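Listed here are the chains, written in short residue letters.
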Amino acid sequence: AQSVAQPEDQVNVAEGNPLTVKCTYSVSGNPYLFWYVQYPNRGLQFLLKYITGDNLVKGSYGFEAEFNKSQTSFHLKKPSALVSDSALYFCAVRDIVDSSYKLIFGSGTRLLVRP
Amino acid sequence: EADIYQTPRYLVIGTGKKITLECSQTMGHDKMYWYQQDPGMELHLIHYSYGVNSTEKGDLSSESTVSRIRTEHFPLTLESARPSHTSQYLCASSVPGPFSSPLHFGNGTRLTVT
């Protein structure tokens, strides 16, 4: 069965510093990987996805993510954090061998960017 | 932002009441989903639908039920609310076709059962 792990409950970073939010996955076939962000009292917003091709994927708000097949990881990154990036971040995976189209989410990581 | 609407945004209700959480999307998406988000932030799939008259239970057992009579509408019903149902409920949809399609989420309904 497919699964996603986000090992950090919270990541703290100073504004202007680079940030990384970690994600590892487990699937039977080829993964489709996604990152979402959730601001307070809102639903999830799609940030970026990896399907195939270039291992570095660029998304919204200056975020990018690096797919590493050997380490089964898909870490979210940003070169320079903003206070407004503070939010909940969710990694998600969809397994191509699972015809249900279900998206399985990690447990979430709270990002706190201090001024 | 995606055009997917959930009502009400907040609901406080007493134990034993029947409630329906509404979810509608205007994008013509065939696939729709309900996720339950607990206070610890985790998201659990409780129901999904591939289209009209199609409903499936998700990975987390839920006492709720859903229906899909129209493409744009995917309501969730609790016949008898209990405090253990207190949670945030998120509705989502996705376009027909590829596995690469992301989900579009509504803003959620925060349910409190007293």
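Higher on the page you've got the structure.
Quick caveat: nothing in here was measured; it's all calculated off a predicted structure.

Asker: Would you explain the overall build of chain A in this entry?
Answerer: Secondary structure assignment for chain A yields zero helices and 12 strands. Along the chain direction, N to C, the helices and strands of chain A fall in the order β-β-β-β-β-β-β-β-β-β-β-β. At 14 Å, chain A has a C-alpha radius of gyration in line with the 13 Å of a compact globule built from 115 residues. The principal-axis extents of the C-alpha atoms in chain A amount to approximately 45 × 30 × 20 Å. When each of the 115 residues of chain A is scored for burial, the buried share is 50%. Sequence separation of 24 or more characterises 57% of the internal contacts of chain A that already satisfy a separation of 6 or more. Taken as two groups, the 11 positive and 9 negative side-chain charges of chain A have centres that lie 3 Å from each other.

Asker: When you look at the interface of chain B and chain A in this model, what are you seeing that I'm missing?
Answerer: How big an interface is tends to be stated in terms of the accessible area lost upon association of its parts. Across the contact, 28 residues belong to chain B and 28 residues belong to chain A. Of the roughly 2300 Å² buried at the junction of chain B and chain A (both faces included), carbon and sulfur atoms supply 55%. Applying the counting criterion to the chain B and chain A interface returns zero salt bridges. Taken together, the connections running from chain B to chain A amount to seven residue pairs in polar contact (both at pLDDT 80 or more). For the side of chain B that touches chain A, the secondary-structure elements that each account for two or more residues are β4 (31-37), β5 (43-51) and β9 (87-94) of chain B. Partitioning the side of chain B that touches chain A into residue classes produces 14 nonpolar, eight polar and six charged.

Asker: Would you take a moment to explain the pairing of strand β10 (residues 87-95) of chain A for this structure?
Answerer: Looking down a regular strand, the side chains alternate between one sheet face and the other. Residue and element names in this part refer to chain A. For β10, a buried count of nine out of nine residues is recorded, marking the element as mostly surrounded by other parts of the structure. Pairing between strand β5 (residues 31-38) and β10: eight bridges, direction antiparallel. Following the sheet pairing, Tyr32 is matched in β10 by Arg94. Where β10 meets strand β12 (residues 109-114), three bridges bridge the pair, whose relative direction is antiparallel. Paired with Leu88 across the two strands is Arg110, which belongs to β12.

Asker: Would you mind going over the environment of Tyr61 of chain A with me for this structure?
Answerer: All names here are of chain A. For Tyr61, the position within the fold is in the loop between β7 (56-58) and β8 (64-68). When the C-alpha atoms of Tyr61 and Lys78 are compared, they prove to be 9.0 Å apart, with 17 residues separating the residues in sequence. A distance of 3.3 Å separates polar atoms of two side chains, one belonging to Tyr61 and the other to Gln45.

Asker: I tried to follow the sheet that holds strand β3 (residues 19-25) of chain B on my own but got confused; where do I start?
Answerer: Strand pairing in a sheet relies on backbone hydrogen bonds. The paired strands run either parallel or antiparallel. All names here are of chain B. Strand order in the open sheet formed by four strands is β1-β3-β8-β7, and the pairing between neighbours is antiparallel. Pairing within the sheet leaves two strands with one partner each, and these edge strands are β1 (4-7) and β7 (65-66). Bridge count between β1 and β3: four bridges; the pairing is antiparallel. The partner of Tyr5 across the bridge, within β3, is Ser24.

Asker: What am I meant to see in the nonpolar core here?
Answerer: Soluble globular proteins: nonpolar side chains tend toward being buried together. Of all hydrophobic cores here, the largest spans 28 residues; its most connected members are Trp35, Leu47, Leu48, Phe74, Leu76 and Tyr89 of chain A. Listing elements by their share of this core, those giving two or more residues are β2 (10-14), β3 (19-21), β5, β6 (44-50), β8, β9 (73-78), β10 and β12 of chain A. Among the elements that make up this core, the one with the highest residue count is β10 of chain A (four residues). Ignoring anything within four residues of it in the chain, the contact list for Leu48 of chain A reads Leu33, Phe34, Trp35, Val57, Lys58, Gly59, Phe63, Glu64, Ala65, Phe74 and Leu76 of chain A. Core analysis: the second largest hydrophobic core is formed by 21 residues, Tyr101 of chain A together with Leu43, Leu45 and Leu90 of chain B among them.

Asker: Sorry if this is basic, but what is going on with the state of the cysteines here?
Answerer: Put plainly, two cysteines are in a disulfide when a covalent bond ties their sulfur atoms together. All names here are of chain A. Here the structure, examined in full by the defined rule, presents two disulfides over all chains. Two residues, Cys23 and Cys91, share a disulfide whose sulfurs are 2.0 Å apart. Looking down the S-S bond of the Cys23 and Cys91 bridge, the torsion is -65°, so its handedness is left-handed. Pair noted here: Cys23 is in the loop between β3 and β4 (24-26) and Cys91 is in strand β10, with a separation of 68 residues, a long-range link.

Criteria and thresholds
Residues numbered from 1 in each chain as written. Chains lettered and ligands numbered in written order. Predicted model: local features only at pLDDT ≥ 70, side-chain atom pairs only at ≥ 80, totals over all residues. Heavy atoms only, no water. Helix = DSSP H or I, 4+ residues; strand = E, 2+ residues; numbered from the N terminus. Rg over C-alpha atoms; globule rule 2.2 N^0.38 Å. Buried < 20%, exposed > 50% of the residue type's maximum accessible area, 1.4 Å probe, protein only. Contact = heavy atoms within 4.5 Å. Lys, Arg positive; Asp, Glu negative; His and termini not counted. Charge placed at Lys NZ, Arg CZ, Asp CG, Glu CD. Buried area = accessible area lost by both parts, 1.4 Å probe. Salt bridge = Lys/Arg side-chain N within 4 Å of Asp/Glu carboxyl O. Polar contact = N/O pair within 3.5 Å; in protein donor to acceptor, adjacent residues only side chain to side chain. Nonpolar A, V, L, I, M, F, W, Y, C, P; charged D, E, K, R; others polar. Pairing = 2+ DSSP bridges. Core = buried A, V, L, I, M, F, W, Y, C linked by side-chain atoms within 4.5 Å. Disulfide = S-S within 2.5 Å.

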